[in-house]
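Spelled out, the chains give:
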Amino acid sequence: MLNRDVDPQLLLLRRQYMQLFEPDFLAWPPSKFLKAIDVQKWLYKHMFDPSQNARLPPDAYQMRVLKQLVTRIERATESPADELSNELTACLTSFITRKVSSGFQAAQEKAHVTFTCVSEKANPDSANDDGREPTITLLEQRHLISGSRTTGFRTWEASLHLGSYLLTDVGSRLVRSKNILELGAGTGFLTILAAKHLNARHVTSTDGDEDVIKALKENIALNELDDQQKVRAETLMWGCDLKGTWVEDDCATHPYDIVVGADITYDKVTISALVSTLQSFFDMRPTLKAVIAGVVRNAETFQTFRDECASHHFAVEDIEFKPKPMREQRSLFYAAAVPIKILTISRP
């Protein structure tokens, strides 16, 4: 059991920690609160104890956070009675003794990243029947870019922003009981969110890189969705003729209602092929709606995507959903300094 009668400060800290939030920016509760032994025991049990948490962050990350925690507790120590718990002491000693990987080495390795999937307006006590919060755990390689220049081995800001929108009452209605196809799925965050927590009828997840698809299938299995009755993952190259392909058969079996995509408009070179693929989906399913999210890192490139959609006579509308500043985020954590847009695209 995790969040029944637990201080919200501890829940927020654990959510950030499990998502591998930068340790220097974690939302630490006051030091005087942290020095309480029952609080320290809770922190050890839910953030460092491998017997209670099967998919913890990498050791190097754990050690960075634990060192900061110990420093904060020591600052608040006023008497010998105020001490570090035996569990935290033993944990820190173990990390030091084992000489865990450096931060650079750890950054190159696969790491479990766990995202808490609750609406920002959800009841603070919201949880599953077993008392645990709804989550998605992904294996990511956050600093790896494959030979095809794909960035699909980590979850990017636009995916988390679109995920935050889909977790709202209005956004969830786009997905609930619908057949979904995702373009440029990467780690599979949106695919898994729709299938695992938003009650999509079926999700077809696609990416143009075979290595990304292999990793994506691992993430689908990690979240116990490796059943093609609910989720299917396949390679899809944009701009290719879809007639007579597996896509046409899949659409006949699971008629697509919504196409989603996030962080797929950053490369001007691929935009024409992306919009051509959307055209193919509209040809198969005229009533289809596409929902595309993107970080506007380059205004000209994002405008190129809008212009290409206009040249195909698509109707493009902005969804008004602004990201909260990071210090105000309570579940999915992502940088919001650069504008992030969500567009709906349809064919009139």
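Placed above this text is the structure.
These remarks concern the structure in this document. From a predicted model like this one, the values you see are computed outputs, not experimental measurements.

### Quick notes on the packing of helix α1 (residues 8-18) against helix α3 (residues 37-47)
Where α1 meets α3, the axes come as close as 11 Å, and the angle between the chain directions of the two elements is 30°. Relative to α3, α1 is oriented roughly parallel. Crossing of α1 over α3 shows right-handed handedness. Only Val39, Trp42, Leu43, His46 and Met47 of α3 make contact with α1, whose side of the interface consists of Leu10, Leu11, Leu13, Arg14 and Tyr17.

### Focus: the packing of helix α12 (residues 268-284) against helix α13 (residues 299-311)
Where α12 meets α13, the axes come as close as 10 Å, and the angle between the chain directions of the two elements is 30°. Comparing the axis directions of α12 and α13 gives the class roughly parallel. The two elements α12 and α13 meet at a crossing, and its hand is right-handed. Contact with α12, carried on its side by Lys268, Ile271, Ser272, Leu274, Val275 and Leu278, involves Glu300, Thr301, Thr304, Phe305, Glu308 and Cys309 of α13 and no other residues of that element. Grouping the constituent residues of the contact of α12 with α13 by class yields six nonpolar, three polar and three charged.

### Observations regarding the nonpolar core
Core analysis: the largest hydrophobic core is formed by 74 residues, its most contacted members being Leu43, Phe48, Leu66, Leu69 and Phe189. Looking at which element gives the most residues to this core, the answer is helix α4 (residues 59-76), with seven residues. Residues contacting leucine 66, with those up to four places away along its chain left out, are Phe48, Leu88, Cys91, Leu92 and Phe95. Residues Leu181, Val247, Val296 and Phe305 belong to the second largest nonpolar core, which totals 25 residues.

### Some remarks on the pattern of salt bridges
Scanning all chains against the criterion turns up 13 salt bridges. Put simply, aspartate 59 and arginine 98 hold a salt bridge, and the shortest N to O gap is 2.9 Å. Of this pair, aspartate 59 sits in helix α4 while arginine 98 sits in helix α5 (residues 86-98); the two residues are 39 residues apart in sequence, bridging distant segments of the chain. According to the relative accessible area criterion, aspartate 59 is partly exposed, its value standing at 31%. What makes arginine 98 partly exposed here is its relative accessible area of 46%. Between glutamate 157 and arginine 297 there is a salt bridge, and its shortest N-O distance comes to 3.5 Å. Taken together, the residues span a long stretch of sequence, with glutamate 157 in helix α7 (residues 157-166) and arginine 297 in the loop between β7 (289-295) and α13 at a distance of 140 residues. Since its relative accessible area comes to 21%, glutamate 157 is described here as partly exposed. Residue arginine 297 is classed as partly exposed on the basis of its relative accessible area of 47%. Residues participating in the shared-partner salt-bridge network are Glu157, Asp263 and Arg297.

### Topic: the packing of aromatic side chains
Going through the model one piece at a time under the given rule, you end up with seven aromatic pairs. Ring centres 5.6 Å apart and planes at 40° place the aromatic pair tyrosine 17 and tyrosine 61 in the tilted group. Here the residue tyrosine 17 occupies a position in helix α1, and tyrosine 61 occupies one in helix α4, the gap between them amounting to 44 residues. Pair check on accessibility: tyrosine 17 and tyrosine 61 agree, each one buried. Aromatic rings pair up to connect Tyr17, Phe48 and Tyr61 into one cluster. Over the ring of tryptophan 156 we find arginine 154, and its NZ or CZ is 4.5 Å from the ring centre.

### Notes on α1
Residues spaced three or four apart along an α-helix point in a common direction, a consequence of the helix completing one turn every 3.6 residues. In terms of residue burial, α1 counts as a mostly covered element, since nine of its eleven residues are buried. Within the span of α1, buried status applies to Leu10, Leu11, Leu12, Leu13, Arg14, Arg15, Gln16, Tyr17 and Met18. By the N-cap criterion, in which a side-chain oxygen at the helix start approaches the backbone nitrogen of a residue two or three places on, α1 is capped by aspartate 7, the distance to glutamine 9 being 2.8 Å. Just downstream of α1 lies leucine 20, where phi reads positive at about 60°.

### Description of empty space enclosed by the protein
One way to see where empty space is left: roll a probe the size of a water molecule over the atoms. Per the stated rule, a full pass over the model turns up one cavity of 30 Å³ or more. The space that makes up the largest cavity amounts to roughly 70 Å³. Lining the largest cavity are ten residues, with Lys110, Leu139, Glu140, Phe153 and Ala215 sitting closest to its centre. Broken down by secondary-structure element, the contributors of at least two residues to the lining of the largest cavity are β2 (135-140) and α10 (210-222). When residues in the lining of the largest cavity are grouped by element, the largest group, three residues, is from α10. In the lining of the largest cavity, the residues fall into three nonpolar, four polar and three charged.

The rules behind these values
- Residues numbered from 1 in each chain as written.
- Predicted model: local features only at pLDDT ≥ 70, side-chain atom pairs only at ≥ 80, totals over all residues.
- Heavy atoms only, no water.
- Axes fitted to C-alpha atoms, helices over the stretch in contact; angles between N-to-C directions.
- Helix = DSSP H or I, 4+ residues; strand = E, 2+ residues; numbered from the N terminus.
- Parallel < 35°, antiparallel > 145°, perpendicular 65-115°, else oblique.
- Left-handed = near helix turned anticlockwise from the far one by under 90°.
- Contact = heavy atoms within 4.5 Å.
- Nonpolar A, V, L, I, M, F, W, Y, C, P; charged D, E, K, R; others polar.
- Core = buried A, V, L, I, M, F, W, Y, C linked by side-chain atoms within 4.5 Å.
- Buried < 20%, exposed > 50% of the residue type's maximum accessible area, 1.4 Å probe, protein only.
- Salt bridge = Lys/Arg side-chain N within 4 Å of Asp/Glu carboxyl O.
- Phe/Tyr/Trp six-rings, centres within 6.5 Å; stacked < 30°, edge-to-face > 60°.
- Lys NZ or Arg CZ within 6 Å of the ring centre and 35° of its normal.
- Polar contact = N/O pair within 3.5 Å; in protein donor to acceptor, adjacent residues only side chain to side chain.
- 1 Å grid on protein atoms, 1.4 Å probe; cavity = no way out; pocket = protein on both sides within 12 Å on 5 of 7 lines; lining within 4 Å.
- Points joined across faces, edges and corners; volume = space filled by probe spheres on them.

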